Amino acid sequence: MPTREDVDLARAAIDRGFLTIQESVKCLEIQRDHEKAGRHIPLDHIFIEAKFLTQEQLVSLKESIARSAALRRIGPFEIISKIGVGGTGTVYKARDTKADRIVALKVLSPSHAANPESIVRFLREAHASGRLNHPNVIQGYDAGDANGQFYFAMELIEGITVADMLRDGRPIPEQQALDIAIQVAKALEHAEEQRLVHGDIKPDNIMLTSDGTAKLADLGLARLAATRPGQRVKTALG
């Protein structure tokens, strides 16, 4: 079987016009014949031997693939696709190569990464998410800095926000709205138990999965609650 490197090389060669699909298939067949005889021959060797690629073309292709791979990887995460762009950065669907799981990877934009206050808020969200473990809170997994790129990996939710539901102007059915409110209240109760106050509850920060589970997101404004027996909860936000 061709390796991932073989496949990437063949695709790049076809995309650059160095190789036709028919030539690629022929080389893959040659490689398969070698494997039947118990030998694995890298596809790049076969391209050269068949005179479909020159050494210069091969070097150019490998350099191009290496550059693309660097753009597709942030720290231990392999970028799969872009999910969306927000005010402070971009969220990607990515694979965590350490834990072997699919995550949502939020990456702080370069302009915000140059702002210490933005970095503090970004890392605060990651820290707060890591403190919470509840079915109605998006779980945080990991955060860090990879060559100046600040990232935060979290649970990937395939769904919509409550804000998305409201944008078409139709009211949310009463029972569904009540169910969402109860779930969010449970998430906030759990946060309070961990001495955290969310600080930014709004429709955009409440996600819904396909089975109707509400997930609280964006803990960037969360603060540790300062409490004493008999006092109501107060935060740095007032």
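No experiment lies behind these values; they were computed from the predicted model shown. (Residues numbered from 1 in each chain as written. Predicted model: local features only at pLDDT ≥ 70, side-chain atom pairs only at ≥ 80, totals over all residues. Heavy atoms only, no water.)

## Focus: the pairing of strand β9 (residues 206–209)
Point 1. In β9, alternate side chains face the same way, and those of Ile206 and Leu208 on one face and Met207 and Thr209 on the other are all buried.
Point 2. Across three bridges, the pairing between strand β7 (residues 159–161) and β9 is antiparallel. The residue of β9 that forms the bridge with Gly159 is Thr209.
Point 3. Strand direction decides the pairing type here: β9 and strand β10 (residues 214–216), joined by three bridges, are antiparallel. (Buried < 20%, exposed > 50% of the residue type's maximum accessible area, 1.4 Å probe, protein only. Helix = DSSP H or I, 4+ residues; strand = E, 2+ residues; numbered from the N terminus. Pairing = 2+ DSSP bridges.)

## A word on the packing of aromatic side chains
For any pair of aromatic rings, the description rests on two quantities: the centre-to-centre distance and the angle between the ring planes.
Point 1. Within the structure shown, the criterion is met by one aromatic pair.
Point 2. Considering the side-chain rings of Phe77 and Tyr151, the 5.3 Å spacing of their centres and the 65 degrees angle between planes classify their relative orientation as edge-to-face. In this pair, Phe77 is assigned in strand β2 (residues 77–85) and Tyr151 in strand β6 (residues 149–155), connecting sequence segments 74 residues apart. Each member of the pair, Phe77 as well as Tyr151, carries the same accessibility label: buried.
Point 3. Stacked on the ring of Tyr141, the Lys or Arg Arg101 has its end atom at 3.7 Å from the ring centre. (Phe/Tyr/Trp six-rings, centres within 6.5 Å; stacked < 30°, edge-to-face > 60°. Lys NZ or Arg CZ within 6 Å of the ring centre and 35° of its normal.)

## Observations concerning the nonpolar core
Point 1. Core analysis: the biggest nonpolar cluster contains 15 residues, and Leu132, Ile180, Ile206 and Leu208 have the highest contact counts within it.
Point 2. Of the residues forming this core, the biggest block, four residues, is contributed by helix α8 (residues 174–193).
Point 3. Dropping the residues within four chain positions of it, Leu208 is found in contact with Glu158, Gly159, Ile160, Val162, Met165, Gln176, Ile180, Thr213 and Ala214. (Core = buried A, V, L, I, M, F, W, Y, C linked by side-chain atoms within 4.5 Å. Contact = heavy atoms within 4.5 Å.)

## Quick look at the pattern of salt bridges
In a structure, side chains of opposite charge can pair up when their charged atoms sit close to one another.
Point 1. Using the criterion set out here, one finds eleven salt bridges in the structure.
Point 2. A salt bridge links Lys62 to Asp44; its shortest N-O distance comes to 2.7 Å. Placement of the pair is Lys62 in helix α4 (residues 55–71) and Asp44 in helix α3 (residues 43–49), with a sequence separation of 18 residues.
Point 3. Of the residues examined, Lys62 reaches a relative accessible area of 41% and is grouped as partly exposed.
Point 4. On the accessibility criterion, Asp44 (10% relative accessible area) is buried.
Point 5. Residues Asp142 and Lys98 are paired through a salt bridge, measuring 3.8 Å at the closest nitrogen-oxygen approach. Taken together, the residues span a long stretch of sequence, with Asp142 in strand β5 (residues 140–146) and Lys98 in the loop between β3 (89–96) and β4 (101–108) at a distance of 44 residues.
Point 6. Its relative accessible area of 22% is what places Asp142 among the partly exposed residues.
Point 7. With relative accessibility at 63%, the residue Lys98 sits in the exposed group.
Point 8. Through salt bridges with shared partners, a single ionic network connects Arg73, Glu78, Arg95 and Asp100. (Salt bridge = Lys/Arg side-chain N within 4 Å of Asp/Glu carboxyl O.)

## Brief notes about the pairing of β5
Point 1. Strand direction decides the pairing type here: β5 and β6, joined by six bridges, are antiparallel. Among the inter-strand pairings, Gly144 is bridged to a residue of β6, identified as Tyr151.
Point 2. In this structure, the hairpin formed by β5 and β6 is closed by a connection of two residues, where Asn147 is found at a positive phi of approximately 55 degrees.

## Topic: unusual backbone geometry
Point 1. Phi is positive for Lys51, which is not a glycine, with a value near 60 degrees.
Point 2. Here Lys51 shows up in the loop between α3 and α4.
Point 3. One non-glycine residue, Arg195, lies in positive phi territory at about 65 degrees.
Point 4. Residue position: Arg195 is located in the loop between α8 and β8 (196–197).

## As for the confidence of the model for the chain
Point 1. Chain-level statistics for the chain give a pLDDT mean of 84 and a share of 89% at 70 or above.
Point 2. For the stretch residues 226–238, pLDDT sits under 50, and the model shows 13 contacts to residues farther than four places along the chain or on other chains. (pLDDT = per-residue confidence, 0-100.)

## A short note on the sheet that holds β4
Point 1. If you trace the six strands from one edge of the open sheet to the other, you get β1-β2-β3-β4-β6-β5, paired in antiparallel fashion. The open sheet has two free edges, formed respectively by β1 (73–74) and β5, since each of these has just one partner strand.
Point 2. Bridge count for β3 against β4 is eight bridges, and the pairing is antiparallel. Paired with Arg95 across the two strands is Ile102, which belongs to β4.

## Here's the deal with the environment of Tyr141
Point 1. Within the element layout of this structure, Tyr141 appears in strand β5.
Point 2. Separated by 37 residues in the primary sequence, Tyr141 and Ala104 place their C-alpha atoms 9.7 Å from one another.
Point 3. Non-local contacts of Tyr141, meaning those with residues more than four positions away in its chain, are made with Arg101, Val103, Phe152, Ala153, Met154 and Glu155.

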